[in-house]
Amino acid sequence: MQMVLKQLGKPHLLKEVWTSQRLAQTLKDHLPELLIIDPIDSAEFSHEMILSIRDTYPDLPVLVISNPEKGTDVLQLVKSGIMGYLTWRCKAQEIIQALQMITSGQKFFCDQVLSVILSGPTHPTEEETSELSQREQEILSLIAKGMTNKQIASALFISHHTVHTHRKNMMKKLGIKSSPQLIVYAIQSGLVDAPDP
C-alpha cells in the first residue's frame, strides 16, 4: 500500500495500526478520509468489527482488501455500505483505480470479489426489486452479465438509445452513480444467477 500511495504522490497519508483497540482510538482521535482494512488475515479485524465501524461512522469510506472465500460474508459487508472490496491478488494499477474512484465518491469491487459474490446463494425478494420495472430488471440482469448497451439492444430488439435511457433511469431511481454499483445491486437483489460450478 505504501508503494501505491507513493505512485499517487501521497505516501505521507498512510497510517497503519495493528490492533482493533488501536484502530478504535485512532478513529476517535482523527477520522481519516479513507479506511483500508484487511479483516481476514488478523483476528483483530473481523467482519463484525467492520460492521460496527460502519454503524459508528456511517460516512467513513471503507475499502476492504482481503481474500474472500464466502459470498455471504462479502455481501454482508457490501450491504453495510463499504465503498470497495479488493483481493491481495489485485495488481497495483487496480488498487490505484479503486482508490481514485472511492475518493471521488464511487464504489469499486474487483472482478475476483464479484465472482465470489456470484458463487454464493442469492435470495431475491419482491421488496428488493420492486423499485425497478420488469423491463429495467431484465436490462439490469444483462448489464450484470457484462453485456454492452448495443448487445442488450440487439438481444431485446430495442434501440441502443432505449437501453441507455433505461440505464440512466435505473441509476437515478437507485441513487447509483456507476455500472459497478448497478452490478452489486443486481447481485444483492438476486437478478443474476450464480455461475455453474
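The preceding data block contains the structure.
A short tour of the structure in this document, coming up. Since this is a predicted model, take the numbers as computed values, not measurements.

Scoring rules and cut-offs
- Residues numbered from 1 in each chain as written.
- Predicted model: local features only at pLDDT ≥ 70, side-chain atom pairs only at ≥ 80, totals over all residues.
- Heavy atoms only, no water.
- Helix = DSSP H or I, 4+ residues; strand = E, 2+ residues; numbered from the N terminus.
- Expected span 1.5 Å × (residues − 1).
- Buried < 20%, exposed > 50% of the residue type's maximum accessible area, 1.4 Å probe, protein only.
- Arc of directions from axis to C-beta.
- Contact = heavy atoms within 4.5 Å.
- Salt bridge = Lys/Arg side-chain N within 4 Å of Asp/Glu carboxyl O.
- Axes fitted to C-alpha atoms, helices over the stretch in contact; angles between N-to-C directions.
- Parallel < 35°, antiparallel > 145°, perpendicular 65-115°, else oblique.
- Nonpolar A, V, L, I, M, F, W, Y, C, P; charged D, E, K, R; others polar.

### Here we look at helix α10 (residues 160–174)
Along an α-helix, residues three or four apart share an orientation, since each turn contains 3.6 residues.
Moving on, step 1. The terminal C-alpha atoms of α10, which comprises 15 residues, lie 21 Å apart, in line with the 21 Å expected from a rise of 1.5 Å per residue.
Moving on, step 2. Along α10, the positions that sit buried rather than exposed are Val163, His166, Arg167, Met170, Met171 and Leu174. Angular distribution of buried residues about the axis of α10 spans 130 degrees; they occupy a single face of the element. Away from its buried face, by an angle of more than 90 degrees, α10 presents the exposed residues His161, Lys168 and Lys172.
Moving on, step 3. Buried residues along α10 sit against α8 (134–144), α9 (149–156) and α11 (179–189).
Moving on, step 4. A positive phi of about 70 degrees marks Gly175, the residue just after α10.

### Focus on α8
Moving on, step 1. Of all the 11 residues making up α8, eight are buried; the element is thus mostly covered by neighbouring parts of the structure.
Moving on, step 2. Residues Glu136, Gln137, Ile139, Leu140, Ser141, Leu142, Ile143 and Ala144 constitute the buried set of α8.
Moving on, step 3. Immediately beyond the C-terminal end of α8, within one or two residues, lies Gly146, with a positive phi of roughly 95 degrees.

### Details of the pattern of salt bridges
Any two side chains of opposite charge can pair, on the condition that their charged atoms come close.
Moving on, step 1. Applying the stated criterion to the full structure yields two salt bridges.
Moving on, step 2. A salt bridge links Glu138 to Arg135; the shortest N-O distance between them is 3.1 Å. One end of the pair, Glu138, and the other, Arg135, are both in helix α8, three residues apart, so they sit about a helical turn from each other.
Moving on, step 3. Since its relative accessible area comes to 36%, Glu138 is described here as partly exposed.
Moving on, step 4. Between Lys173 and Glu136 there is a salt bridge, with its nearest N and O atoms 2.8 Å apart. Note that Lys173 is positioned in helix α10 and Glu136 in helix α8, a separation of 37 residues in sequence.
Moving on, step 5. With a relative accessible area of 42%, Lys173 lands in the partly exposed category.
Moving on, step 6. On the basis of relative accessibility, which here comes to 4%, the residue Glu136 falls in the buried class.

### A word on unusual backbone geometry
Moving on, step 1. Unlike most non-glycine residues, Phe157 shows phi in positive territory, near 60 degrees.
Moving on, step 2. Checked against the element boundaries, Phe157 lands in the loop between α9 and α10.
Moving on, step 3. What makes Phe157 exposed here is its relative accessible area of 77%.

### Concerning the packing of α10 against α11
Moving on, step 1. Between α10 and α11, the shortest axis-to-axis distance is 11 Å and the interhelical angle comes to 70 degrees. Of the possible angle classes, the one that applies to α10 and α11 is roughly perpendicular. Where α10 abuts α11, its residues Arg167, Met170, Met171 and Leu174 lie against Ser179, Leu182 and Tyr185.
Moving on, step 2. Residue classes in the contact of α10 with α11 are distributed as five nonpolar, one polar and one charged.

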